[in-house]
Amino acid sequence: MTSSDRGQTVTQPDTADTTETGQGGAGRPGTDTATRPAGIRRAIRVISRPEPWKRGPVLAALALLLGLLMLLHAKIPNRIGGLGSLTETFLPWFGLFVPPLLATALWRRSASAVAALLLPVMVWLNLFGGLLGDKSHAGGDLTVASHNVGADNRDPAGTARDLAASGADVLALEELTPEARGTYEKGLAKTYPHHTVQGTVGLWSKLPLSDTRPVDTEMDAGPLGDTKPAAVKMTYNRALRTTVATDKGPLAVYVAHLGSVRVTPRTGFWTDSRDRNARALAKAVAAERNDRVVLLGDLNGTMDDRALAGVTSRLDSVQDTAGDGFGFTWPATFPVARIDQILVRGVRPVSSWVLPATGSDHLPVAAGISW
């Protein structure tokens, strides 16, 4: 082998090493050329394969059905056992189906199911995303509160003390019983010099009241109700209207306790009396001449329930406008729905919150309003 050949032999490996170093350097961790596109290329390769899109057709179908159920909830008929209202009562909780579906889709490596889940996620965020943040502000000209104190409340005196300490200027109570009425009147008298009780609902106020009257929410259905004396009807009256004299002018305040809803094997989600009461209450609110109105009470329905559309189309929810979260109120031990409401018209909600539990199966609610 000549010296020239030996030189070539030495030179060729050097050239090869230089080339390999250039190629290998591109694949080393930390170099921009490799790390940036590697993950993207891998994801594109996985997605572009037909297998991930063919996996999990049942999961994809379930995801789409979930999204369509939330999107078209208003189209679900109520004729079939009140199914529409039942769905709308627990509508926010349908979002809990998304995480297990997503986990299963990832486990199955189903691209079609993951893509289908975008529909329920977007629908849920559109419906309830605005409730996730805190929209409350400090201040307010008037604080109002409402509480279904519960007919089976074993500690009405303690409930009265808690409510008196709530700081509310105007306090509405629902489901008052003849036995407990005196206890509430005694426990709240010092804080609230003005009050009225109309049947099973009452209003306590630090400000003077006037033009107080019961509101007929058609508790009696049919001609038989017309034959009953007014004194008898008053014993189970569940709504009132009064005027609160504020330093900003008169404020019309309604207190209402709409009919109960029940789930039975024969009727399903039974809401007949609640729906009838809601329609009557909507008529009363529509006829109200005062521009400033506050409705306090247990409406036995959420703001998504179509049965309350006559009311919610005329009044705004303080929780939706100025609350923090969903503000669930029932049942008190583990709240799953907000059926205790504060609705307003002509005033500005500043804050809305849920008060601590009392001896009732409902949680009290409060709000700050301003002019």
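Being a predicted model, the structure only gives us computed values, none of them experimental.

Visitor: Even after reading the chapter, I still don't get the overall build of the protein, so can you show me in this structure?
Guide: Along the backbone of the protein there are 14 helices and 14 strands. The long-range share in the protein, meaning contacts at least 24 apart out of those at least 6 apart in sequence, stands at 70%. Surface exposure of the protein reaches about 19200 Å², of which carbon and sulfur atoms provide 59%.

Visitor: Help me understand the nonpolar core, please; the structure alone is not making it clear to me.
Guide: The nonpolar side chains of a soluble globular protein tend to be buried, and buried together. If you look at the biggest cluster of nonpolar residues, it comprises 20 residues, and the most contacted ones within it are Val144, Leu203, Leu251, Val294, Leu296, Ile342 and Ile369. Elements that contribute at least two residues to this core include exactly β1 (142–148), β2 (170–174), β4 (201–205), β6 (239–246), β7 (249–257), β10 (293–298), β12 (340–345) and β14 (365–370). Membership of the second largest hydrophobic core comes to 18 residues, among which are Val215, Val293, Leu299 and Val311.

Visitor: What exactly am I supposed to notice about helix α12 (residues 272–286) here?
Guide: If you check α12, its first and last C-alpha atoms are 21 Å apart, about what 15 residues at 1.5 Å a residue would give, namely 21 Å. Summarising burial for α12: 11 of the 15 residues are buried, a large majority. Looking at the buried residues of α12, the elements they touch are α5 (83–89), β7, β9 (268–270), β10, α13 (309–312) and β12.

Visitor: Honestly, the sheet that holds β1 in this entry has me stumped. Any pointers?
Guide: With mixed pairing, the 6 strands of this open sheet are ordered in space as β3-β4-β2-β1-β14-β13. Two strands in the sheet have a free side with no partner beyond their single neighbour: β3 (194–198) and β13 (348–354). On average, each strand axis in the sheet is tilted by 15° relative to the strand beside it, whichever way the strands run. The sheet contact formed by β13 and β14 spans 6 bridges and is antiparallel. Directly across from valine 354, in β14, lies its bridge partner valine 365.

Visitor: Teacher, can you tell me more about the packing of helix α4 (residues 57–71) against helix α6 (residues 98–108) here?
Guide: Angle between the axes and distance between the axes: these two values describe a pair of packed helices. Viewed as axis vectors pointing N to C, α4 and α6 meet at an angle of 155°, and their least axial separation amounts to 10 Å. Here α6 runs roughly antiparallel to α4, going by the angle between their axes. The interaxial crossing formed by α4 with α6 has left-handed handedness. Each of Leu59, Leu62, Ala63 and Leu66 in α4 lies in contact with α6, whose residues at this interface are Val98, Leu101, Thr104, Ala105 and Arg108. In the contact of α4 with α6, the residues fall into 7 nonpolar, 1 polar and 1 charged.

Visitor: I would appreciate a short explanation of a nonpolar patch on the surface in the present structure.
Guide: A cluster of nonpolar residues, Leu118, Val121, Met122, Leu125 and Leu132, forms a patch on the protein surface that exposes about 460 Å² of accessible area. As for its placement among the helices and strands, methionine 122 is situated in helix α8 (residues 118–128). You can call methionine 122 exposed: its relative accessible area is 53%.

Visitor: Is there a simple way to think about the packing of aromatic side chains in this case?
Guide: Two aromatic rings, taken as a pair, are described by how far apart their centres are and by the angle between their planes. All chains considered together, the criterion is met by 6 aromatic pairs. Geometrically, the ring pair formed by phenylalanine 94 and phenylalanine 97 is tilted, given 6.1 Å between the ring centres and 55° between the ring planes. Both rings, one in tryptophan 124 and one in phenylalanine 128, keep their centres 5.7 Å apart while their planes meet at 55°; by these two values the pair is tilted. Of this pair, tryptophan 124 and phenylalanine 128 both sit in helix α8, 4 residues apart, which is roughly one turn of the helix. Members of the aromatic cluster, joined through ring pairs, are Trp93, Trp124, Phe128, Phe326 and Phe328.

Visitor: Help me understand unusual backbone geometry in this model?
Guide: Note that the residue after tryptophan 330, namely proline 331, is joined by a cis bond; omega there is -15°. If you trace the backbone, proline 331 turns up in the loop between α14 (318–322) and β12. A positive phi angle is found at glutamate 218, which is not glycine, with a value near 55°. Note that glutamate 218 resides in the loop between β5 (209–214) and α11 (230–235). Positive phi, close to 50°, is recorded for asparagine 300, a residue that is not glycine. As for its position among the elements, asparagine 300 is in the loop between β10 and α13. In this structure asparagine 300 comes out as buried when scored by relative accessible area, which is 11%.

Visitor: Can you help me understand the environment of leucine 299 in this one?
Guide: By the secondary structure assignment, leucine 299 is in the loop between β10 and α13. If sequence neighbours within four positions are ignored, leucine 299 has contacts with Ala256, Leu258, Arg274, Leu281, Leu308, Ile339, Gln341 and Leu343.

Visitor: Explain the side chain of threonine 87 to me, please; I cannot follow it from the model alone.
Guide: Here threonine 87 is to be found in helix α5. Taking relative accessible area as the criterion, threonine 87 reaches 8% and is therefore assigned buried. Discounting residues that sit within four places of it in the chain, threonine 87 has contacts with Ile76 and Phe94.

Visitor: Sorry if this is basic, but what is going on with the pattern of salt bridges here?
Guide: Where charged atoms from two side chains of opposite charge approach closely, those side chains can pair. One pass over the full model with this rule turns up 10 salt bridges. Between aspartate 220 and lysine 228 there is a salt bridge; the shortest N-O distance is 3.0 Å. Aspartate 220 sits in the partly exposed class, given a relative accessible area of 22%. In this structure lysine 228 comes out as partly exposed when scored by relative accessible area, which is 31%. Linked by salt bridges that have partners in common, Asp211, Arg213, Arg241 and Glu288 make up one network.

What counts, and where the lines are drawn
- Residues numbered from 1 in each chain as written.
- Predicted model: local features only at pLDDT ≥ 70, side-chain atom pairs only at ≥ 80, totals over all residues.
- Heavy atoms only, no water.
- Helix = DSSP H or I, 4+ residues; strand = E, 2+ residues; numbered from the N terminus.
- Contact = heavy atoms within 4.5 Å.
- Areas by Shrake-Rupley, 256 points an atom, 1.4 Å probe, with all protein chains shown as cover.
- Core = buried A, V, L, I, M, F, W, Y, C linked by side-chain atoms within 4.5 Å.
- Buried < 20%, exposed > 50% of the residue type's maximum accessible area, 1.4 Å probe, protein only.
- Expected span 1.5 Å × (residues − 1).
- Pairing = 2+ DSSP bridges.
- Axes fitted to C-alpha atoms, helices over the stretch in contact; angles between N-to-C directions.
- Parallel < 35°, antiparallel > 145°, perpendicular 65-115°, else oblique.
- Left-handed = near helix turned anticlockwise from the far one by under 90°.
- Nonpolar A, V, L, I, M, F, W, Y, C, P; charged D, E, K, R; others polar.
- Patch = residues over 30% accessible without salt bridge, like charges linked within 9 Å, V, L, I, M, F, W, Y side chains within 5 Å.
- Salt bridge = Lys/Arg side-chain N within 4 Å of Asp/Glu carboxyl O.
- Phe/Tyr/Trp six-rings, centres within 6.5 Å; stacked < 30°, edge-to-face > 60°.

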